[in-house]
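Listed below, chain by chain, are the residues.
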Amino acid sequence: MTHQVYAFEPPERFVAGTVGPPGERTFYLQARGGGRLVSVALEKMQVALLAEKLEELLAEAHQRFGAELPASAEGPADNEPLDTPVDEEFRVGTLGLAFDVETSTVIIEAIAAEEAEFDAETETSDDEDDEDATPEISDDLDRLRVRLTPAEVRQFIDRAKRVVAAGRPPCPLCGQPLDPAGHLCPRHNGYHRR
């Protein structure tokens with residue numbers, strides 16, 4: 001089976017964005033460049049974690065390799081919606097990050113989720129070594145790969161944080177998202193809270 005590698009080195013635009021109303025949003029990473037537009041779907045938590053790990057990667061690149069890092073995003077913030085059409089190429093299962101010391105760029109790779117999920121209930125193993133084994137990522141999975149400068153990474157981080165925070169506000173008591181009609185707060189013993 002052939003796989004597709006969507007490489008943007010560098011992209012004209014690389015952003016995290018959403019489609020849909022709060023509570024029903026679908027999150028995407030979208031890369032544009034060279035007349036191509038690629039959108040891949042992922043979970044809200046993956047976007048938040050990607051932003052967090054990119055910040056850590058920039059800090060470590062500065063500490064270990066002396067990479068010049070912008071203190072904050074340079075230029076105007078990209079608050080534009082995702083480019084249309086938003087056609088999902090694949091759903092992201094794994095995200096990979098790397099810092100290229102020679103070019104002082106960050107490489108982000110989004111890898112498609114495996115089609116067949118491992119079913120722990122149907123397969124059991126008596127071999128204790130299998131418990132510590134990490135799953136291998138197949139080379140036959142579609143990938144989106146982008147290469148960004150530290151300034152572009154800082155802009156991506158800032159936008160990703162805004163996109164994640166733009167959802168439903170959390171309940172001040174339990175932290176779960178509040179729907180416009182309220183929610184059943186466990187801290188109020190299940191009474192409807194508005």
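Everything in this summary refers to the structure shown in the same document. (Residues numbered from 1 in each chain as written. Predicted model: local features only at pLDDT ≥ 70, side-chain atom pairs only at ≥ 80, totals over all residues. Heavy atoms only, no water.)

Focus: the environment of Asn-79
Piece 1. Relative to the helices and strands, Asn-79 is located in the loop between α1 (44–65) and β5 (88–100).
Piece 2. For the pair Asn-79 and Arg-159, spaced 80 residues apart in sequence, the C-alpha separation works out to 7.4 Å.
Piece 3. Not counting residues within four places of it along the chain, the set of residues in contact with Asn-79 comprises Arg-159 and Arg-162.
Piece 4. Polar side-chain contacts of Asn-79 include one of 2.9 Å to the side chain of Arg-162. (Helix = DSSP H or I, 4+ residues; strand = E, 2+ residues; numbered from the N terminus. Contact = heavy atoms within 4.5 Å. Polar contact = N/O pair within 3.5 Å; in protein donor to acceptor, adjacent residues only side chain to side chain.)

Brief notes about the packing of aromatic side chains
Piece 1. Per the stated rule, a full pass over the model turns up 2 aromatic pairs.
Piece 2. Centre to centre, the rings of Phe-14 and Phe-156 are 5.0 Å apart; their planes meet at 15°, and the pair counts as stacked. Of the two residues, Phe-14 sits in strand β2 (residues 13–19) while Phe-156 sits in helix α3 (residues 150–165), which places them 142 residues apart along the sequence.
Piece 3. Judged by relative accessible area, Phe-14 falls into the buried class, the value being 9%.
Piece 4. Residue class for Phe-156 comes out buried when judged on its relative accessible area of 2%.
Piece 5. When the ring of Phe-65 is compared with that of Phe-99, the centres are 6.0 Å apart and the planes differ by 5°; the resulting orientation is stacked. With a gap of 34 residues between them, Phe-65 in helix α1 and Phe-99 in strand β5 connect regions that are remote in the sequence.
Piece 6. Exposure remark for Phe-65: the relative accessible area of 43% places this residue in the partly exposed category.
Piece 7. Taking relative accessible area as the criterion, Phe-99 reaches 16% and is therefore assigned buried. (Phe/Tyr/Trp six-rings, centres within 6.5 Å; stacked < 30°, edge-to-face > 60°. Buried < 20%, exposed > 50% of the residue type's maximum accessible area, 1.4 Å probe, protein only.)

This is a description of form; function is not addressed.
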